[in-house]
Each structure stands twice: as C-alpha cells, then as structure tokens.
Amino acid sequence: MNEIQDPLAEIRASIDRLDDDIVDRLAERERLVRQAGRLKPDATAVRAPDRVEAVIARVRESARRSGASAGVVERIYRAMIAAFVELELAATGLPDRPVIRAAVPADAGELLTLQRAAYTSEALLYGDPGLPPLVQTLDDLAAELRTSIALKATRGDRIVGAVRGRPADGVLHVGRLAVAPDQQGQGIGTALIEALEAAAPSQIRQATLFTGHRSLANLRLYQRLGYREARRERLTPQVELVHLIKEVVGDHVVE
Ligand SMILES: CC(C)(COP(=O)(O)OP(=O)(O)OC[C@H]1O[C@@H](n2cnc3c(N)ncnc32)[C@H](O)[C@@H]1OP(=O)(O)O)[C@@H](O)C(=O)NCCC(=O)NCCS
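Not measured: the values here are computed from a predicted model.

### Looking at the overall build of the chain
Here comes step 1: From N to C terminus, the chain includes 9 helices and 8 strands.
Here comes step 2: The C-alpha atoms of the chain give a radius of gyration of 25 Å, which is well past the 18 Å a tight globule of 255 residues would have.
Here comes step 3: In terms of overall dimensions, the chain has a C-alpha envelope of 80 × 45 × 30 Å along the principal axes.
Here comes step 4: Taken over 255 residues, the chain has a buried fraction of 18%.
Here comes step 5: Excluding contacts between residues fewer than 6 apart, the proportion of contacts in the chain whose partners are at least 24 apart in sequence is 62%.

Here it is, written out as structure tokens:
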C-alpha cells in the first residue's frame, strides 16, 4: 500500500507537521522566557509559583474553549514550565537557594519520605534499621507537626530538607533534621537550624539536640553552629547519644 493512502501514516504526517509548528512556537516562547529572565532579581522570581498557577488556570480555560483535554494541557504545561525554569536559572546564573518556610499538615507524607531517605545512612552507620525517624508512623508525624515548629526547605515544588523544634519550659528541643541525600553538603542543614532558632518564641533560653557518637559530620555541623556537648547517654551497647546545647534568646543568639 502506498504510504500516503495508509490512514495512520496520513495522520502521523499531519502530527509531524503540527509538531514542527509547535516547536517553532516553543522557540518563540523560549526567546520571551529568556528576555523575562533577564529582568528577574532572584530564583524565587524565576520560579514564581503564583504566576505558574495563573498560567495553568489560563491554559485550562483555553483548552476548554478549544475542545482539548484540560488535564492533558495542564500536565504538558507544568512539564514545559519546569523545563523553562531550569533553562532560565541556568541562563541567568542566579543562585538557586532553597526557600525555608513553615511545613503544613499536607506536607506530612512527603516529610516522612524525606526523613526515611535521609536517615537511612544513620541506620547503616549504627546497623540499626529501627531508628525512631525510620519507624515513625505518618499519624505520629502529622501529630508532631501540630505541636512543634516545623520548617521545610523547598526547591521549586520539591521538599529538600526539614527540621522540627518543640518548645518546652524555655528550651527548644531540635530534632528530625533531614536533608535529601542528593542535596546534602550545600548548606541546607545549616540554614534550617538557623531558621528554626530565629523562629523560636522569645521565651526560649536554650536549644538542645542530640546525635549518635559515630555521627561525626553531624557533631561537626552542630559545633560549627555553636552547640556544645553537655552530656553523653548510653542508649544501647553499640550507641551513645551525645546531647548538645546552645544558649539562645528568642530570635537571637547570646554571644
Ligand atoms: C545532617 C544533615 C541534616 C546535614 O545537612 P546538610 O544540608 O548536608 O548540611 P550542610 O550542607 O549545612 O553541612 C554539611 C557539610 O557541607 C558543607 N557545606 C555547607 N555549605 C556548603 C556549600 N555551599 N558548598 C559546599 N559545602 C558546603 C559544610 O561545611 C559541612 O561540611 P563538613 O561535613 O565537612 O562539616 C544531613 O546530612 C542529613 O540529612 N543526614 C541524615 C539524617 C541525620 O543524620 N540527621 C541529623 C540527626 S542528629
């Protein structure tokens, strides 16, 4: 059969022509995105989550008018916008620092996934898969979010780090510090602790945290942040907990 008489081949030829048009229009869109990128002061302005939602709402409406599936158009646009954001950030060279803000109840599932991924290295270090952050249930984590100051660090839509602090009797109990394994060593852990201390209520006089005696990188991090060893506690024959404290007053540190 001649290819042009094959109905599927005909449809595919039409799709190919349409794709050429679409790519031409994408090239036009890319030129505009690059122009806009040069006018933006920082990575947050590039990611512009409110603008993204406005664009999505607009194209869903256009999809409805054109008889296209709004769900398909939304998925294509979200993928396209994510790719353009990456391109814009690379083209402008703006530092893409994570944004730190309060975690909300809807984050519980993602925080549990992050926590489990991060604490796996600790489990290997101590040969113990039953570490509390690894066996915490989703319900327990959700309850903890309601009773503590919970912060998350995000890059775009992704949660890349988190920490929680529970104030009690003037002391901030810091815990569950976790950074996604592929995002470690970029200062996110440091930024999370500093943000948590700054968010502590003014009656907080001291911050305390603990880590295992073999977690030398964690001990280095905490000491760099001004925490000093207060005591050691034997947890199991293999594990000693090192408790550290730092004097803080509300949103500033006592020098
Ligand atoms: C502990 C933990 C939260 C630290 O997070 P992190 O984001 O890697 O911490 P930071 O990046 O601030 O600091 C880690 C190292 O990166 C270095 N660093 C910080 N900013 C950096 C940057 N911009 N570029 C390069 N290196 C940097 C720090 O100097 C530090 O170096 P060191 O290991 O030689 O001391 C993370 O390793 C983790 O999730 N571990 C598993 C869970 C865990 O152990 N939690 C704590 C339990 S007590």
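### Thoughts on the packing of helix α3 (residues 49-66) against helix α4 (residues 70-92)
Here comes step 1: With their axes 9 Å apart at the nearest point, α3 and α4 run at an angle of 145° to one another. Two packed elements cross with a definite hand, and for α3 against α4 that hand is right-handed. Every residue of α4 that contacts α3 at Val52, Val55, Ile56, Val59, Arg60, Ala63 and Arg64 is listed here: Ala70, Val73, Glu74, Tyr77, Arg78 and Ile81.
Here comes step 2: When its residues are assigned to classes, the contact of α3 with α4 shows 9 nonpolar, no polar and 4 charged.

### Considerations on the site of the ligand
Here comes step 1: Taken together, 20 residues lie near the ligand, and Gln184, Gly187, Gly189, Thr190 and Thr211 sit nearest.
Here comes step 2: Mapped by element, the contributors of at least two residues to the shell around the ligand are α5 (108-126), β4 (171-179), α8 (188-199) and α9 (216-224).
Here comes step 3: Residue classes in the shell around the ligand are distributed as 8 nonpolar, 10 polar and 2 charged.

### A short note on the nonpolar core
Here comes step 1: Membership of the largest hydrophobic core comes to 32 residues, with the highest contact counts inside it found for Leu151, Ala162, Val163, Val174, Leu192 and Leu196.
Here comes step 2: Among the secondary structure elements, those contributing two or more residues to this core are α5, β2 (149-155), β3 (158-168), β4, α8, β5 (206-212) and β7 (240-249).
Here comes step 3: Per-element tally for this core: the top contributor is β4, with 5 residues.

### Observations regarding the pairing of β2
Here comes step 1: Burial within β2 is extensive, with 5 of its 7 residues counted as buried.
Here comes step 2: As paired elements, strand β1 (residues 99-102) and β2 share 4 bridges and run antiparallel to each other. The residue bridging Val99 from the neighbouring strand is Thr154, located in β2.
Here comes step 3: Hairpin connection from β2 to β3: 2 residues lie between these consecutive antiparallel strands, with Gly156 at a positive phi of about 60°.

### Topic: the domain arrangement of the chain
Here comes step 1: We note that the domain assignment places domain 1 (3-92) and domain 2 (99-253) within the chain.
Here comes step 2: Distance from the C-alpha centre of domain 1 to the C-alpha centre of domain 2: 39 Å.

So, how was this worked out
- Numbers given to residues run from 1 along each chain, matching the order in which its sequence is written.
- In keeping with the model being predicted, local features are shown solely for residues with a pLDDT of at least 70 and side-chain atom pairs are shown and tallied solely at 80 or more, while totals for entire chains, interfaces and linings include all residues.
- To qualify as a helix, a DSSP run of H or I must reach at least 4 residues; to qualify as a strand, a run of E must reach at least 2; elements of each kind are numbered from the N terminus.
- When we talk radius of gyration, it's over C-alpha atoms, and the globule rule is simply 2.2 Å times the number of residues to the 0.38.
- Exposure in this text rests on C-beta crowding, where 20 or more other C-beta atoms within 10 Å of a residue's own make it buried, 12 or fewer make it exposed, and counts in between make it partly exposed. The C-beta atoms are placed from the backbone.
- By definition, residue pairs are in contact when their C-beta atoms, positioned from the backbone, come within 7 Å.
- Only the stretch in contact is used when a helix axis is fitted, and all axes are lines through C-alpha atoms; the angle between N-to-C directions ranges over 0 to 180 degrees.
- Note on convention: the crossing is left-handed when the near helix lies turned anticlockwise from the far helix by less than a right angle, right-handed when the turn is clockwise.
- Gly is placed with the polar residues, together with every amino acid not listed as nonpolar (Ala, Val, Leu, Ile, Met, Phe, Trp, Tyr, Cys and Pro) or charged (Asp, Glu, Lys and Arg).
- All residues are tested the same way: a C-beta atom is placed from the backbone, and lying within 6 Å of a molecule or strand makes the residue near it.
- Under the definition applied here, buried Ala, Val, Leu, Ile, Met, Phe, Trp, Tyr and Cys residues are grouped into a nonpolar core through C-beta atoms within 7 Å.
- The pairing criterion is simple: DSSP has to find at least two bridges between the two strands.
- Per the annotation, domain bounds derive from an automatic or database assignment of domains.

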